[in-house]
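Report on the structure
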Amino acid sequence: MSKRIMVVDDSRLVRVQLNDVLNGTDYEIAAYCRSGEDAIAQYDEVKPDLVTMDIIMQGMDGLDASERILKEHPDAKIIMVSSLAYDDTFERAKAIGAKGFVDKPFHKEQLLKVFEEALSES
């Protein structure tokens, strides 16, 4: 059975890249959200196994959206996917409860490894 991924990113290019990377794997994109607010609104309905979350988006950023989702769903598995790779960003993402961090542009092997690590945590 495939794992359901919620992609939260305002870039159409990232959606296409993730679709290409996940094609032929045990993962499927169950929902695509273009904002943090949209992700919060759809999380209950989608019930994803994993969330990929961009940081910089219009409106609520990915860190705030992750924090809100994890408050309501402490077992949510969120991976930050961003080109904003600063130490303070890593630290805040970890403090919030993100399970991993993937730099853009990402590579298939790197992404799948982080997915597996996040899903293997209890």
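Further up the page is the structure itself.
Residues numbered from 1 in each chain as written. Predicted model: local features only at pLDDT ≥ 70, side-chain atom pairs only at ≥ 80, totals over all residues. Heavy atoms only, no water.

Things to note about helix α5 (residues 108-120)
Along an α-helix, a turn takes 3.6 residues, which lines up residues three or four apart on a common side. Put simply, the test is: Think of it this way: any DSSP run of H or I at least four residues long counts as a helix, any run of E at least two long counts as a strand, and we number them from the N terminus. Multiplying one less than the number of residues by 1.5 Å gives the expected span of a helix. Note on exposure labels: buried denotes an accessible area under 20% of the residue type's maximum, exposed denotes more than 50%, and partly exposed covers the range between, all computed with a 1.4 Å probe on protein chains only. Picture the helix axis, draw a direction to every C-beta atom, and the arc is the one those directions span. Working rule for contacts: check all heavy atoms of both residues, and any pair within 4.5 Å makes them a contact.
Counted at 1.5 Å a residue, the expected span for α5 with its 13 residues is 18 Å, and the 18 Å between its end C-alpha atoms agrees. Along α5, the residues that are buried comprise L111, L112, V114, F115 and A118. Buried residues of α5, seen end-on, are gathered within an arc of 160 degrees and therefore sit on one face of the element. Facing away from the buried surface of α5 by more than 90 degrees, the exposed residues are E109, K113 and S120. Where the residues of α5 are buried, they touch β1 (3-8), α1 (12-22), β2 (27-33), β3 (50-53), β4 (78-82) and β5 (100-103).

Overview of unusual backbone geometry
Cis geometry is adopted by the peptide bond preceding P105, which originates at K104 and carries an omega value of -5 degrees. Mapping P105 onto the fold places it in the loop between β5 and α5. Although it is not a glycine, K47 adopts a positive phi angle of roughly 50 degrees. Checked against the element boundaries, K47 lands in the loop between α2 (36-46) and β3.

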